[in-house]
Amino acid sequence: MPEERPHVVIVGAGFGGLRAARALRRTPVQVTLVDRRNYHLFQPLLYQVATAGLSPEDIAHPVRAIFRRQRNFAFRLAEVVGVDLPGRVLETSTGRLPYDWLILAPGGASHFFGLESVEQNGLPLKEIEDAVAIRNQVLRMFETAVQEPDPDRRRGMLNFVVVGGGPTGVESAGALSELIRLVLTKDFPKLDVKDVRVILLEATDRLLGAMPERLREVTAEILWRKHVEVRFGAQVTRFDGERVVLRGEEVIPARTLIWAAGVRAAPLAALLGAELGPQGRVRVGPGLQLPASDRVFVIGDAAWLEDERGEGLPMMAPVAQQQADHAARSIQRALRGEPTLPFRYKNPGSMATIGRNAAVVHVKGLQVSGFFAWVAWLVLHIVLLIGFRNRLLVLINWAWDYFLYDRAVRLIYAHEIHTAPAETRRARQGTAEAERRAG
Ligand SMILES: Cc1cc2nc3c(=O)[nH]c(=O)nc-3n(C[C@H](O)[C@H](O)[C@H](O)COP(=O)(O)OP(=O)(O)OC[C@H]3O[C@@H](n4cnc5c(N)ncnc54)[C@H](O)[C@@H]3O)c2cc1C
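Remember, predicted model here, so these are calculated numbers, not experimental data. (Residues numbered from 1 in each chain as written. Predicted model: local features only at pLDDT ≥ 70, side-chain atom pairs only at ≥ 80, totals over all residues. Heavy atoms only, no water.)

**So, the overall build of the chain**
Within the chain, the secondary structure is distributed over 12 helices and 26 strands. A globule of 439 residues ought to have a C-alpha radius of gyration of about 22 Å, and the chain, at 22 Å, matches this closely. Expressed along its principal axes, the backbone C-alpha trace of the chain runs to roughly 70 × 50 × 40 Å. Per-residue burial over the chain gives 54% buried out of 439 residues. Long-range contacts, defined here as pairs at least 24 residues apart, represent 65% of the contacts in the chain between residues at least 6 apart. Only carbon and sulfur atoms are counted for the fraction: they give 53% of the accessible area of the chain, which is about 20200 Å². For the chain, the distance from the average position of its 56 positive side-chain charges to the average position of its 48 negative side-chain charges is 6 Å. (Helix = DSSP H or I, 4+ residues; strand = E, 2+ residues; numbered from the N terminus. Rg over C-alpha atoms; globule rule 2.2 N^0.38 Å. Buried < 20%, exposed > 50% of the residue type's maximum accessible area, 1.4 Å probe, protein only. Contact = heavy atoms within 4.5 Å. Areas by Shrake-Rupley, 256 points an atom, 1.4 Å probe, with all protein chains shown as cover. Lys, Arg positive; Asp, Glu negative; His and termini not counted. Charge placed at Lys NZ, Arg CZ, Asp CG, Glu CD.)

Quick look at the structure:
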């Protein structure tokens, strides 16, 4: 690779970063992709790892394998701790990295809205470690409950609370209820299934807020049929590991709280010294660049940009991918001496699955629910997964679960017991780092 090629550094091997690196494969630049983990994670299927349907390896793919054939590509495993904008240098845990253009795609992090007890005792779902921690917790609660003589304590162990009625909460609650009803009740015949509750708490009066009303109603109906108790207007204020307390002081005895209620930008966003918008996301200009430097693009979950109606773009994979294409095209234009164009998002629609044979799909005004929506969801997710091996493994697992009413991955990894979730630890480290740098 000739030395004089401009250097494009990309932070994050998620949906945005991966797409940007690929889009630059035929551009006369040298690309370095930096991530603190050596794999791309397919987050939309994380909840299936949490509910024992898939193994972590099925939904993650090593970055070096993905880019094996891309000649202008290099990977660096490192944590990014800051950016020297005037000097055009990225600061990482393994040293400084000069750039000509920088694309920042560090994604999002769970947001607990200052509820410290929930952050400490609840289980977020953002990383592989989080999903394994949830799986461990659910399986461990069944093992503990079957040995518990006191009926009240036993019921507390068998109450599973999911907070947040967005896609992650809905999908997790549906899959958890099926894991329990279709599989765990067979593994634990001594437990009374009437003692088991999956409770989905939503602070507003609607599930899947971005979906049209009919699909929102269908979703609530399907969840009820799948034995998920949906509670609207239910706002969690505390969770001490044994009791979930709602606003109004109602108490739900439960040992497990899965937090799917809030997302914010990754801690790196706060380290840039840029103006932040809602959810701590970096306010970017119309071309996705930082106002302080047109050589730095921020894309995906970490970026805040409003659409024509003044609404922030959603934190979803298609936004990150389209913004990645835009940033790559802008660099190609700059190399030709052309100005950057404003970014326009084309909404491809949205979908969510609610377990076996049930999903809702909203595409270009078309509203579909039930079996056909579910098949569409399955096909799309298989197509979007990276790597033939992962696709095959996921297909085999899904077929196994579907026909045998089983979940293949019901292992408790002992070393995961009640460690602080990885996400929380890293967010705390990021905040500490931001404070240290701010002096
Ligand atoms: C459980 C779950 C389910 C979801 N389901 C859907 C869905 O069904 N459909 C949909 O469209 N979207 C879904 N999303 C949202 C979607 O995954 C995100 O919008 C998308 O991943 C954003 O892409 P990104 O490139 O901005 O960030 P990410 O894909 O999150 O990638 C960020 C990358 O940056 C790395 N990184 C972060 N900080 C640093 C640092 N300081 N140093 C080094 N590396 C760093 C991370 O390790 C990560 O690899 C879901 C998200 C979750 C958590």
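**Notes on helix 10 (residues 371-384)**
Counted at 1.5 Å a residue, the expected span for helix 10 with its 14 residues is 20 Å, and the 20 Å between its end C-alpha atoms agrees. Of the residues making up helix 10, those classed as buried are Ala-373, Trp-374, Trp-377, Leu-378, His-381 and Ile-382. End-on, the buried residues of helix 10 take up no more than an arc of 165°, which puts them together on one face. Helix 10 presents Phe-372 and Val-383 as exposed residues on the side facing more than 90 degrees away from its buried surface. Elements in contact with the buried residues of helix 10: helix 2 (46-50), helix 7 (167-187), strand 24 (350-353), strand 25 (359-363), strand 26 (366-369) and helix 11 (388-404). (Expected span 1.5 Å × (residues − 1). Arc of directions from axis to C-beta.)

**Some thoughts on the confidence of the model for the chain**
With 93% of its residues at a pLDDT of at least 70, the chain reaches an overall mean of 91. Low pLDDT (under 50) marks residues 416-426, which in the prediction has 28 contacts with non-local residues, meaning those over four places away or in another chain. A low-confidence stretch, residues 428-439 (pLDDT under 50), is modelled with 13 contacts involving residues beyond four sequence positions or located in other chains. (pLDDT = per-residue confidence, 0-100.)

**Points about the packing of helix 1 (residues 15-23) against helix 9 (residues 317-335)**
Helix packing for two helices is described by the angle between their axes and how far apart those axes are. Viewed as axis vectors pointing N to C, helix 1 and helix 9 meet at an angle of 35°, and their least axial separation amounts to 8 Å. Of the two possible hands of crossing, helix 1 and helix 9 adopt the one that is right-handed. Of the residues in helix 9, those touching helix 1 at Phe-15, Gly-16, Arg-19, Ala-20 and Ala-23 are Ala-317, Ala-320, Gln-321, Ala-324, Asp-325, Ala-328 and Gln-332. Split into classes, the residues belonging to the contact of helix 1 with helix 9 amount to seven nonpolar, three polar and two charged. (Axes fitted to C-alpha atoms, helices over the stretch in contact; angles between N-to-C directions. Left-handed = near helix turned anticlockwise from the far one by under 90°. Nonpolar A, V, L, I, M, F, W, Y, C, P; charged D, E, K, R; others polar.)

**Some details on the pattern of salt bridges**
Summed over the entire model, instances satisfying the criterion amount to 24 salt bridges. Between Asp-325 and Arg-19 there is a salt bridge, and its shortest N-O distance comes to 3.0 Å. Of the two residues, Asp-325 sits in helix 9 while Arg-19 sits in helix 1, which places them 306 residues apart along the sequence. A salt bridge links Arg-309 to Asp-307; the nearest nitrogen and oxygen atoms lie 3.3 Å apart. (Salt bridge = Lys/Arg side-chain N within 4 Å of Asp/Glu carboxyl O.)

**Focus: helix 7**
In this model helix 7 runs 29 Å from its N-terminal to its C-terminal C-alpha over 21 residues, within 8% of the 30 Å that 1.5 Å per residue would give. At Ile-180, helix 7 is bent by approximately 35°, the largest bend along its length. (Bend = angle between axes of the 7 residues up to and from the residue.)

**What to know about the environment of Leu-77**
Residue position: Leu-77 is located in strand 5 (residues 73-77). Given the relative accessible area of 47%, Leu-77 is considered partly exposed. Sequence separation between Leu-77 and Arg-197 is 120 residues; the distance between their C-alpha atoms is 42 Å. In this structure Leu-77 touches Asp-35, Arg-36, Arg-37, Asn-38 and Thr-94, once residues within four positions along its chain are discounted.

**What about empty space enclosed by the protein?**
For the coordinates displayed, the defined rule picks out three cavities of 30 Å³ or more. Quantified by volume, the second largest cavity comes out at close to 40 Å³. Residue lining of the second largest cavity: Phe-142, Leu-184, Thr-185, Phe-188, Leu-191, Asp-192, Val-193 and Val-196, and that is the complete set. Partitioning the lining of the second largest cavity into residue classes produces six nonpolar, one polar and one charged. (1 Å grid on protein atoms, 1.4 Å probe; cavity = no way out; pocket = protein on both sides within 12 Å on 5 of 7 lines; lining within 4 Å. Points joined across faces, edges and corners; volume = space filled by probe spheres on them.)

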